[in-house]
Amino acid sequence: MVSRKRVPLLLILFAALMAGAGNGISIVAFPWLVLQLTGSALDASVVAMAGTLPLLAATLIAGTAVDYLGRRRVSMISDALSAMSVAAVPIIALGFGADAINVAVLATLAAFGSLFDPAGMTARESMLPEAANRAGWTLDHANSVYEAVFNLAYIIGPGIGGLLIAAVGGINTMWVTAGAFCLSITAVGFLGVLRLEGAGRPDHAQLPDGVWSGIVEGIRFVCNNKVLRTLAFIDLAITGLYMPMESVLFPKYFTDRNEPAHLGWVLMALSVGGLIGALGYAALSGRMKKRTTMLVAVLTLGVAMTVIAFLPPLPLILVLCTVVGLVYGPIAPIYNYVMQTRAPQHLRGRVVGVMGSLAYAAGPLGLILAGPLADSAGLQSTFLALSLPMLFIGVIALFLPSLHRLDDAPS
């Protein structure tokens, strides 16, 4: 029987699973619909960029909204709006016909959906410390399991997405995505009944004067903390280089080969590795140095993606993607731990928001470059243009003194 003290943590984990699965289906369905319509990697980049460009501003605002409006409320509103954005695809098709679904419509809905996703993720991550404390879990353990669940969502989501596209088509697949977000809303709603500390209305004495002042306060805190600042810019660079691979290059490669299920398998392999890596970190966090774990992850990512750039057979791609997920599985728990332990409680949402927005800042630039480059120079050249800088970043990280402080006890 589950202890009542663990119920809030389990509800947060279930909500993360459902919201992540919904996003995982969208990762497959949106580019597949675009490429099915036009076959152009540039069009796929436009939709992917539309789903990424709002993330920078949205994540900044989300952090302040979480601290200002309350974590549980923001999580539920975010998931409701995300559900509406994906349900709009089949609703438009039913009302106006399948021909009404075009690149502009998909780009608009992708942008609308991504506008609210960061708020939900920030809210759930900000509730973890109190939920872990009530459950009697260490923060490292809770963050590792949370990220493992999130990776599990991206195993379930893309896999279901690929199968549903093959069975019922990309448009009808969006109904399942909306249903997943609704389940997340239900789970978070129960946290109000259980009265989880820090999940409800915030202390008005500690609220920012307004949205802008709240954002500035979060940015100032991150910039003044050397460890947070370094992690933010590493994440910015890696995300900007990797995002086009997942959002454009892999979909383009498998669409050209008419293999939607294989695209799902690749994304699942990344998440399987991430799931194992995150769970492994939960068990070994007390014996693993955070700096070493991070350096291995960044260097391995660069090497693996450089090999994938030569478009080897599918089994090797799956193995390399699993390895990438495995070494990168502990990175998100490490980032979460650093943010949660170095930011005061009333600033936690804003710090998570600032860190997330910096990670997304380079994404649109990478997507702008990747689409035209893939159409003109080919997939292999584009993969190499993105993977080789990853290796360079890994080498630079070896010499960054601030990363040595990752293992210091937070003050």
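No experiment lies behind these values; they were computed from the predicted model shown. (Residues numbered from 1 in each chain as written. Predicted model: local features only at pLDDT ≥ 70, side-chain atom pairs only at ≥ 80, totals over all residues. Heavy atoms only, no water.)

Checked against the element boundaries, Thr-300 lands in helix H11 (residues 290–308). Sequence separation of Thr-300 and Tyr-328 is 28 residues, and the distance between their C-alpha atoms is 8.8 Å. For Thr-300, the residues in contact, after removing those within four places along its chain, are Val-323 and Val-327. (Helix = DSSP H or I, 4+ residues; strand = E, 2+ residues; numbered from the N terminus. Contact = heavy atoms within 4.5 Å.)

If you look at the biggest cluster of nonpolar residues, it comprises 84 residues, and the most contacted ones within it are Phe-30, Leu-231, Phe-250 and Met-355. Excluding its chain neighbours within four sequence positions, the residues that come into contact with Phe-30 are Val-47, Val-86, Val-89, Leu-106, Leu-109, Ala-110 and Met-174. Listed in part, the 26 residues of the second largest apolar core include Ile-12, Ala-135, Ala-142 and Tyr-146. (Core = buried A, V, L, I, M, F, W, Y, C linked by side-chain atoms within 4.5 Å. Buried < 20%, exposed > 50% of the residue type's maximum accessible area, 1.4 Å probe, protein only.)

Next up on the list: the confidence of the model for the protein. Mean pLDDT over the protein: 79, with 85% of residues reaching 70 or higher. Mean pLDDT values over the elements of the protein span from 66, in helix H3 (residues 53–69), up to 89, in helix H12 (residues 314–328). (pLDDT = per-residue confidence, 0-100.)

For the rest of this paragraph, the subject is the packing of helix H1 (residues 7–38) against helix H4 (residues 71–96). The angle between the axes and the distance between the axes are what describe a pair of packed helices. At a closest axis distance of 12 Å, the pairing of H1 and H4 adopts a crossing angle of 30 degrees. Taken together, H1 and H4 sit at an angle that is classed as roughly parallel. Classified by chirality, the crossing of H4 by H1 is left-handed. Seen from H1, the contacting residues are Ala-19, Ser-26, Phe-30 and Leu-33; seen from H4, they are Asp-79, Val-86 and Val-89. Residues of the contact of H1 with H4, tallied by class, amount to five nonpolar, one polar and one charged. (Axes fitted to C-alpha atoms, helices over the stretch in contact; angles between N-to-C directions. Parallel < 35°, antiparallel > 145°, perpendicular 65-115°, else oblique. Left-handed = near helix turned anticlockwise from the far one by under 90°. Nonpolar A, V, L, I, M, F, W, Y, C, P; charged D, E, K, R; others polar.)

A positive phi angle is found at Leu-311, which is not glycine, with a value near 50 degrees. Locating Leu-311 in the fold gives a position in the loop between H11 and H12.

Turning our attention to a nonpolar patch on the surface. On the surface, Val-303, Val-307, Leu-316, Val-319 and Val-323 cluster together into a nonpolar patch covering about 360 Å² of accessible area. Elements represented by at least two residues in the nonpolar patch include exactly H11 and H12. Locating Leu-316 in the fold gives a position in helix H12. (Patch = residues over 30% accessible without salt bridge, like charges linked within 9 Å, V, L, I, M, F, W, Y side chains within 5 Å. Areas by Shrake-Rupley, 256 points an atom, 1.4 Å probe, with all protein chains shown as cover. Salt bridge = Lys/Arg side-chain N within 4 Å of Asp/Glu carboxyl O.)

Here we take up the pattern of salt bridges. By the definition in use, this model includes two salt bridges. Arg-124 is the partner of Asp-79 in a salt bridge, and the nearest nitrogen-oxygen pair spans 3.2 Å. Separated by 45 residues along the polypeptide, Asp-79 in helix H4 and Arg-124 in helix H5 (residues 103–135) bring together distant segments of the chain. Residue Asp-79 is classed as buried on the basis of its relative accessible area of 2%. Note that Asp-140 and Lys-290 form a salt bridge whose closest N and O atoms lie 3.8 Å from each other. A residue pair is termed long-range when its members are at least 10 positions apart, and Asp-140 in helix H6 (residues 139–168) and Lys-290 in helix H11 qualify at 150 residues. Here Asp-140 falls in the buried class, since its relative accessible area comes to 12%.

Following the criterion strictly, the structure yields two aromatic pairs and no others. With 4.9 Å between their ring centres and 70 degrees between their planes, Tyr-253 and Phe-254 make a pair best called edge-to-face. One Lys or Arg, Lys-290, reaches over the ring of Tyr-337 and ends 4.7 Å from the middle of that ring. (Phe/Tyr/Trp six-rings, centres within 6.5 Å; stacked < 30°, edge-to-face > 60°. Lys NZ or Arg CZ within 6 Å of the ring centre and 35° of its normal.)

Following both chains from N to C, one finds helix H9 (residues 226–256) and H11 inclined at 25 degrees, their axes separated by 13 Å at the closest point. The angle between H9 and H11 places the two elements in the roughly parallel class. Between H9 and H11 lies a crossing of left-handed hand. For the pair formed by H9 and H11, the contact residues are Leu-231, Ile-234, Ile-238, Tyr-242, Met-245 and Phe-250 on the first element and Met-294, Val-298, Leu-301, Met-305 and Ile-308 on the second.

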